[in-house]
Amino acid sequence: MEKFIYVLVFSIFNKPNAILHRPLITDIHSHLLPDLDDGVKNLEEAERIIVDFLEMGYKRLIITPHVMNDMYRNEPPVISVKLEELKRHLLNKKIDIDVQAAAEYYLDEVLYAKVINKQALLVFGHQYLLFETNFLSEPFQLKDFIFQASTQGYKLVMAHPERYGYMTMGKAEDLRNRGVLFQINMLSIIGFYSKPIQKIAHQLIEKGWVDFLGSDCHNEVQATVLKGSLSNKYLQKALSLPLLNHTL
C-alpha cells in the first residue's frame, strides 16, 4: 500500500499545466466518529485526519456513520453523543472546523420499514438522505423505497453508485429519472478501489451525472491518498461540475 501511495502521489503532482477548479469546502461523506463503524477508532485518529482535511481547504465535514441493522445499529442519540465528544476534542485542541453528522443508511428491510412507518431519519442540508445498497445486486425494494422516501420530502442521495456491481449507465439513468442524486467517491475517480469502478466514475463524470463528491474517508491511508489526488485530471473535471457541495 505504501508503494501505491508513493507512485500515485508522484504521478499526480508531476502532471504539467493542471487547471485547478473550485475546491470543495464541504465534505458530505466520511466515517470519522470514533468506534461507531468501520471508520476511525479513537479521537486522536479522527483529529489527525481532520487536520489533513483542513490542509486540503475543507471548512465543514458532514460525518456519516453507517446505519446497518445487522452490523451498525447507530441510532440518532448515539451519533449525537459521539459528535459532541468530537467537537469538544477539537475545541480543546484549538482545531477550527465545522463538524456535523448525518448517516449513511444501508437499504435493508429495517430502513425500508422506517420509511414506510414515517420514522425520522438523519439528513443533511436540504433534506438530503444519504443511502447505500449492497454491492452485488439491485435491492428488490429499491424503486419503492425511492418512491416512498421521495413522497415524504427526502431528497435521496445514493452513495458511491460507481461501486455497485449491478450498476450500468442504463440503471444510472433510470435512477436519475426517479430523482435520485449521485454522490461519487473522490477515491473512485483516481482508481483507489479498482479500474472497473474508476471507469464507471469517469463515465458518470462525462455524463455530468455527479451531484456530490464525497471522501468516504475511513482512515489515515485514505486521507493521505486523497491529499495527493487533488490535481487529478478527472477529479478536476468533476470539480468543474455544478456540485451541490457548494450549496451547503
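It should be noted that the structure appears before, not after, this text.
All values reported here derive from a predicted model rather than from experimental measurement. (Residues numbered from 1 in each chain as written. Predicted model: local features only at pLDDT ≥ 70, side-chain atom pairs only at ≥ 80, totals over all residues. Heavy atoms only, no water.)

Engineer: Any details on the sheet that holds strand β9 (residues 212-214)? Residues and values, ideally.
Structural biologist: Taken in spatial order, the 6 strands of this open sheet run β3-β5-β6-β7-β8-β9, and their pairing is parallel. Edge positions in the sheet fall to β3 (66-67) and β9, since each has one partner strand and no second. In the sheet, strand β6 (residues 128-132) pairs with strand β7 (residues 155-159) via 4 bridges, with the strands oriented parallel. Pairing of Leu129 across the sheet is with Leu156, part of β7. (Pairing = 2+ DSSP bridges. Helix = DSSP H or I, 4+ residues; strand = E, 2+ residues; numbered from the N terminus.)

Engineer: Got a sec to walk through the pattern of salt bridges? Specific residues and values, please.
Structural biologist: Under the definition given, this model contains 12 salt bridges. Measuring nitrogen to oxygen at the nearest pair gives 2.9 Å for the salt bridge that ties Glu220 to Arg48. With a gap of 172 residues between them, Glu220 in helix α9 (residues 220-227) and Arg48 in helix α2 (residues 43-55) connect regions that are remote in the sequence. Taking the relative accessible area as the measure of exposure, Glu220 reaches 30% and is therefore partly exposed. Residue Arg48 is classed as partly exposed on the basis of its relative accessible area, which comes to 42%. In this structure, Asp52 and Lys227 form a salt bridge, with 3.3 Å as the shortest nitrogen-oxygen distance. Separated by 175 residues along the polypeptide, Asp52 in helix α2 and Lys227 in helix α9 bring together distant segments of the chain. (Salt bridge = Lys/Arg side-chain N within 4 Å of Asp/Glu carboxyl O. Buried < 20%, exposed > 50% of the residue type's maximum accessible area, 1.4 Å probe, protein only.)

Engineer: Can you tell me about the side chain of His218, naming the residues and giving the values?
Structural biologist: In this structure, His218 sits in the loop between β9 and α9. A distance of 3.3 Å separates polar atoms of two side chains, one belonging to His218 and the other to Asp38. With residues up to four places along the chain from it excluded, the contact list for His218 reads His31, Asp38, Gly39, Val40, Glu45 and His66. (Polar contact = N/O pair within 3.5 Å; in protein donor to acceptor, adjacent residues only side chain to side chain. Contact = heavy atoms within 4.5 Å.)

Engineer: Account for the nonpolar core, naming residues and giving values.
Structural biologist: In this structure, Phe53, Leu61, Tyr105, Phe145, Met158, Phe182 and Leu213 are the most contacted members of the largest nonpolar core, which totals 66 residues. With 10 residues, the next largest nonpolar core counts Ala102, Leu130, Ala159 and Leu181 among its residues. (Core = buried A, V, L, I, M, F, W, Y, C linked by side-chain atoms within 4.5 Å.)

Honestly, it's all geometry; don't read function into it.
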